[in-house]
Amino acid sequence: MERYRKCVFCETQFLHEILSRLSDKTFNFESLSEYELWLNVRSLLLSSDIKLYLNISKNEFDNIILDIEKKRLKAAKKSKNYQFSLFEKLIWDISLKQRNNDIHLKLLDKFPNIEKSEDISDKELDAFFFTCKKRDECRKLMEEYGVLVISPENIVEFQSVLFDQGVAINKKEQGDWNIILKDTAMPCNSMIIVDNYVLNDLEQAKENLKGIFEALLPRSLSDKITFQLVFFTGLRSNKNLDLPSKVRLEEILKILGSIRTNLKIELSIIKCSSDIFHDRTIITNNYYIGCGGGFDLFKSCRSQKSTTVNIVSPYLNHSIKWAIKAYSNLISESSSVYKNTPKFINDSFPNFYIGANKNRMLESMVTER
């Protein structure tokens, strides 16, 4: 199974900002959390879990490495160790990891400008952007395109991602998904919901999904962008209780339309064997949300089980060790199901898709094989 890696676009000036802030002992961070976030970003850029895109030409990059090698050789002839500058050390480490196949590096002559791009790729819409743009520019890009755009001016706004923002819930506890998730939402333009049972009881599904959508879906996106949502679910097979798949699709579209009138949405339901996915999980471009009790948890605003909810931003959080692998595994596994599932013919078939059958998180895996 091919491994999913998050695409990260980074300006070289942002690299200088990281090094400047982490090395300047007189720099006044607002909190220890801000310092930790800068450290996590630096670690991410050297990680094998991403595909790193730097806006530096191959000639410029090669010249930096060649210059370092000359200086190291000159120092060695004098029986000395060459003292790297901080920027040289970072570029050297990136180059070394690339040569050892420990990092996936792509060099760009210029940084992508997604708002002026005629054809925005799935890769760009599922990526992180580290930039030195102004706070207002970053906010506009995040609101219009559902991508994560972090700059020195706005990085303090993301300190909450350093922690699991989940909750523990008692059986019969009053609540709903909007209350649990509303303060954790980050920019996104696509979502995957994996839950074998979430669409079994349509009325319960409506109650639960309305809160989830209200909390996590963007209010609107650019006219160029359609929000893409896919369910992987078993669907109940008892025909005395079951509803046709088309009815379920239509009812979910009604919920979406009632709470996001300004958002264009492409919805898919993929019926698959209940033994393919065990955990019940929601992922967006930037979040992993797991719930052992499932996303049909609430009935009449009361929890039907005692359970725990995990809410994690995997790539900006290096203290929750399992998160990146869990996120990557889910996309890899679901993309395999996604590309091998036939179109709906009738409800008696063991597996099929109904609806748009589009999701850029999964497409980025399929198209880059």
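This text follows the structure it describes.
Residues numbered from 1 in each chain as written. Predicted model: local features only at pLDDT ≥ 70, side-chain atom pairs only at ≥ 80, totals over all residues. Heavy atoms only, no water.

### Structural notes on the overall build of the protein chain
What counts here: By definition, any uninterrupted DSSP run of H or I lasting at least four residues is a helix, any uninterrupted run of E lasting at least two residues is a strand, and each is numbered from the N terminus. Residue exposure (1.4 Å probe, protein chains only): buried if accessible area is under 20% of the type maximum, exposed if over 50%, otherwise partly exposed. Asp and Glu count as negative and Lys and Arg as positive, but His and the ends of the chain are not part of the count. Where a charge lies is defined by one atom per residue type: Lys uses NZ, Arg uses CZ, Asp uses CG and Glu uses CD.
From N to C terminus, the protein chain includes 11 helices and 15 strands. Counting only C-alpha atoms and orienting by the principal axes, one finds that the protein chain spans roughly 85 × 40 × 35 Å. Across the 369 residues in the protein chain, those meeting the buried criterion constitute 52%. The averaged location of the 49 negative side-chain charges in the protein chain is 4 Å from the averaged location of its 53 positive side-chain charges.

### Describing the packing of aromatic side chains
Definition in use: Stacked, edge-to-face and tilted labels apply to pairs of Phe, Tyr and Trp rings (six-membered ring for Trp) whose centres lie within 6.5 Å, assigned for plane angles under 30 degrees, over 60, and everything in between, in that order. Here, a charge over a ring means that NZ of Lys or CZ of Arg falls within 6 Å of the ring centre while also lying within 35 degrees of the ring normal.
According to the stated counting rule, one finds 16 aromatic pairs in the structure shown. Centre to centre, the rings of Y82 and F84 are 5.4 Å apart; their planes meet at 65°, and the pair counts as edge-to-face. Judged by its relative accessible area of 22%, Y82 falls in the partly exposed class. For the ring pair Y288 and W322, a centre distance of 5.6 Å and an interplane angle of 70° mean the geometry is edge-to-face. Taken together, the positions of Y288 in strand β11 (residues 288-291) and W322 in the loop between β14 (307-312) and α10 (323-340) put the pair 34 residues apart, joining distant regions of the chain. Of note, R99 hangs over the ring of W92, and the distance from its end group to the ring centre comes to 5.0 Å.

### Considerations on the sheet that holds strand β1 (residues 6-10)
Two strands in a sheet stick together by hydrogen bonds in their backbones, pointing the same way (parallel) or opposite ways (antiparallel). As a reminder, the rule being used: Strand pairing is assigned whenever DSSP detects at least two bridges linking the two strands. To get an axis, fit a line to the C-alpha atoms, keeping to the stretch in contact for a helix; angles then go from 0 to 180 degrees between the N-to-C directions.
One open sheet accounts for five strands, arranged β3-β2-β1-β4-β5; its pairing is parallel. Among the strands making up the open sheet, the edge pair consists of β3 (104-107) and β5 (148-150). Ignoring strand direction, the axes of neighbouring strands in this sheet form an average angle of 20°. Relative to β5, strand β4 (residues 128-130) is paired through three bridges, and the arrangement is parallel.

### Side note on the layout of surface pockets
Note the cut-off: Cavities and pockets were defined on a 1 Å grid built over protein atoms only: a cavity is a set of grid points that admits a 1.4 Å probe from which the probe cannot escape, a pocket is an open set flanked by protein on both sides within 12 Å along at least five of seven lines, and lining residues are those with an atom within 4 Å of any such point. Grid points are joined across faces, edges and corners, and a volume is the space filled by probe spheres set on the points. Put simply, Ala, Val, Leu, Ile, Met, Phe, Trp, Tyr, Cys and Pro go in the nonpolar bin, Asp, Glu, Lys and Arg in the charged bin, and everything else, Gly too, in the polar bin.
A volume near 530 Å³ is recorded for the largest pocket. Forming the boundary of the largest pocket are 23 residues, of which M142, E143, A185, M186 and P187 lie nearest the centre. Secondary-structure elements contributing two or more residues to the lining of the largest pocket are α6 (135-145) and α8 (202-216). Here the residues of the lining of the largest pocket sort into 12 nonpolar, four polar and seven charged.

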